[in-house]
Structures are given as structure tokens and as C-alpha cells.
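Coordinate inspection notes
What follows is the residue order along each chain.
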Amino acid sequence: MQASRARLFKELKEVQREKVVDNDIQLVCDDSNIFKWTALIKGPSETPYEGGVFQLAFAVPEQYPLQPPQVRFLTKIFHPNVHFKTGEICLDILKNAWSPAWTLQSVCRAIIALMAHPEPDSPLNCDSGNLLRSGDLRGYQSMARMYTRLAAMPKKG
């Protein structure tokens, strides 16, 4: 547990140093628990998520970095690799392809890449996956854009 704490404090310093460099990701550590983090990520450009800001919750295990963090979307998102109700993310690096070389920041980058390049063959959201697998890109993008507007964009007025 001591090693994981040291690693997380190192990542926290790194995040604070990189704040200016990477404005697509805002990682924040819980004030009272180094094992709980949240992130705000910007939807990638030229995707239905563009203009949206999505919140992620990280639960970091005491065996980190030997085990991956549990990450889920707190913001509703229509995406084949994200469970619509729970926000669970289907991403190989969060499961069997994890490496201690990954950081919380690089996990955020991988999630942004997944948003831009969905994998409809391993869906957690079957409706979204089925739209893509059947070739209905317009339907998928329309639904994803609608949920981005409803859940991930600041309300006007």
C-alpha cells in the first residue's frame, strides 16, 4: 500500500505540473483519499462528443499500479463500450491488457481515444453497438450527439 501511495502522490505532482499542457483532461484527487480521483475530459473533436465535458470516477486499488484502477463515466454517454446505466467502460487496458506503465492521465487519454474510435464488436451498450454494426452511422451519431447535448454540455440560460 505504501508503494501505491507513493506512486499516486508522484502522479498527483505530475498532473499539477501538466495542467497547462493538456487542457483536454482535468484530473483531481479527492482531498481526503488518495485512492479516489475524478476527471473531466473533453469530447474529442470531429466526433458526436465534441463540445461535451464528461466526468469520470476513478477508484484506485491498494495494489496500484500492479492492478488497474476502476474507472466509470459519471456523465451519461451513448457509446458502445460504455454501459449506459452504470458508466462502466469496456477497455482492454482496464482489464487484461493493464501495465504498471499506465498512469491515470494516460488512462484518460485512452478513454478519449476510445470515444473517437468505438469498438462495436464488444459492446456494453448493445443499442449503440447494433447501430454501428448494422452500418447506421447516422443513427449512432445522432443519438450520441443528443446525449452529449443533454448530459455533457453546460446549460444555457
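On a predicted model such as this, the values are computed, not experimentally measured, just so you know.

**Structural notes on the pattern of salt bridges**
Scanning the entire structure with this criterion turns up 2 salt bridges. Note that Glu-11 is salt-bridged to Arg-7, the shortest N-O span being 2.8 Å. In this pair, Glu-11 and Arg-7 both sit in helix H1 (residues 2–18), 4 residues apart, roughly one turn of the helix. Of the residues examined, Arg-7 reaches a relative accessible area of 17% and is grouped as buried. Across the pair Arg-17 and Glu-14 runs a salt bridge, and its minimum N-O distance is 2.5 Å. With Arg-17 and Glu-14 both in helix H1 and 3 residues apart, the pair spans about one turn of that helix. Overall, Arg-17 belongs to the exposed group, its relative accessible area being 56%.

**What to know about the UniProt feature "active site" (unreviewed entry) in the chain**
The positions UniProt marks with the feature "active site" (unreviewed entry) are Cys-90. Summarising the element assignment, Cys-90 is placed in the loop between strand S4 (70–73) and helix H2 (104–116). In this structure Cys-90 comes out as partly exposed when scored by relative accessible area, which is 25%. Contacts of Cys-90, omitting those with residues within four sequence positions, involve Asn-81, Leu-114, Ser-122 and Leu-124.

**What about the packing of H1 against H2?**
At a minimum axis distance of 9 Å, the contact between H1 and H2 shows a crossing angle of 60 degrees. With respect to their mutual orientation, H1 and H2 come out oblique. Judged by residue contacts, Leu-8, Glu-11, Val-15 and Glu-18 of H1 engage Leu-104, Gln-105 and Arg-109 from H2. Counted by class, the contact of H1 with H2 contains 3 nonpolar, 1 polar and 3 charged residues.

**A short note on the packing of aromatic side chains**
What characterises a pair of aromatic rings is the spacing of the ring centres plus the angle enclosed by the ring planes. Applying the stated rule across the entire model yields 6 aromatic pairs. For the ring pair Tyr-64 and Trp-98, a centre distance of 6.0 Å and an interplane angle of 45 degrees mean the geometry is tilted. Separated by 34 residues along the polypeptide, Tyr-64 in the loop between strand S3 (53–59) and S4 and Trp-98 in the loop between S4 and H2 bring together distant segments of the chain. Each of the two residues, Tyr-64 as well as Trp-98, counts as buried. Taking 6.3 Å as the distance between ring centres and 35 degrees as the angle between the ring planes, the aromatic pair formed by Phe-78 and Tyr-140 counts as tilted. Placement of Phe-78 in the loop between S4 and H2 and of Tyr-140 in helix H4 (residues 137–152) is noted, with a sequence separation of 62 residues between them. Judged by relative accessible area, Phe-78 falls into the buried class, the value being 5%. Taking relative accessible area as the criterion, Tyr-140 reaches 4% and is therefore assigned buried. The structure contains a cluster of three or more aromatic residues connected by ring pairs, namely Phe-78, Phe-84, Tyr-140 and Tyr-147. The ring of Phe-84 carries the charged tip of Lys-76 above its face, separated from the ring centre by 5.1 Å.

**Concerning the packing of helix H3 (residues 126–133) against H4**
Axes are the key here: two packed helices are described by the angle between their axes and the distance separating the axes. At a minimum axis separation of 7 Å, H3 and H4 run at an interaxial angle of 145 degrees. Considering the relative orientation of H3 and H4, their crossing is left-handed. Contact residues: H3 offers Ser-128, Leu-131 and Leu-132, while H4 offers Leu-137, Gly-139, Tyr-140 and Met-143. Of the residues contributing to the contact of H3 with H4, the split by class is 5 nonpolar, 2 polar and no charged.

Rules behind the numbers
- Counting from 1, residues in each chain are numbered in the order their sequence is written.
- The predicted origin of the model limits local features to residues at a pLDDT of at least 70 and limits the giving and counting of side-chain atom pairs to 80 or more, whereas totals for whole chains, interfaces and linings rest on all residues.
- Where side-chain values are given, they derive from all heavy atoms of the structure, hydrogens and water being excluded.
- Salt bridges are counted wherever a side-chain nitrogen of Lys or Arg sits within 4 Å of a carboxyl oxygen of Asp or Glu.
- Strands here mean DSSP runs of E at least two residues long; helices mean DSSP runs of H or I at least four residues long; both are numbered from the N terminus.
- Burial here depends on accessible area, computed with a 1.4 Å probe over protein chains only, as a share of the maximum for the residue type. Under 20% is buried, over 50% is exposed, and the range in between is partly exposed.
- UniProt positions are given in the numbering used here, feature names are shortened, and annotations may be inferred rather than shown by experiment.
- Note on definitions: a residue-residue contact is assigned when non-hydrogen atoms from the two residues lie within 4.5 Å.
- Here an axis means a line fitted to C-alpha atoms, over the contact stretch when the element is a helix, while the angle between two N-to-C directions is reported on a 0 to 180 degree scale.
- Any angle that is under 35 degrees is reported as roughly parallel, and any over 145 degrees as roughly antiparallel; angles of 65 to 115 degrees are reported as roughly perpendicular and all others as oblique.
- When residues are grouped by polarity, Ala, Val, Leu, Ile, Met, Phe, Trp, Tyr, Cys and Pro land in nonpolar, Asp, Glu, Lys and Arg in charged, and all others, Gly among them, in polar.
- Pairing of aromatic side chains here covers Phe, Tyr and the six-membered ring of Trp, requires ring centres within 6.5 Å, and sorts the geometry by plane angle: under 30 degrees stacked, over 60 edge-to-face, intermediate tilted.
- Charge over a ring is defined by NZ of Lys or CZ of Arg lying within 6 Å of the ring centre and within 35 degrees of the ring normal.
- In a left-handed crossing the near helix is turned counterclockwise from the far helix by less than a right angle, and in a right-handed crossing that turn is clockwise.

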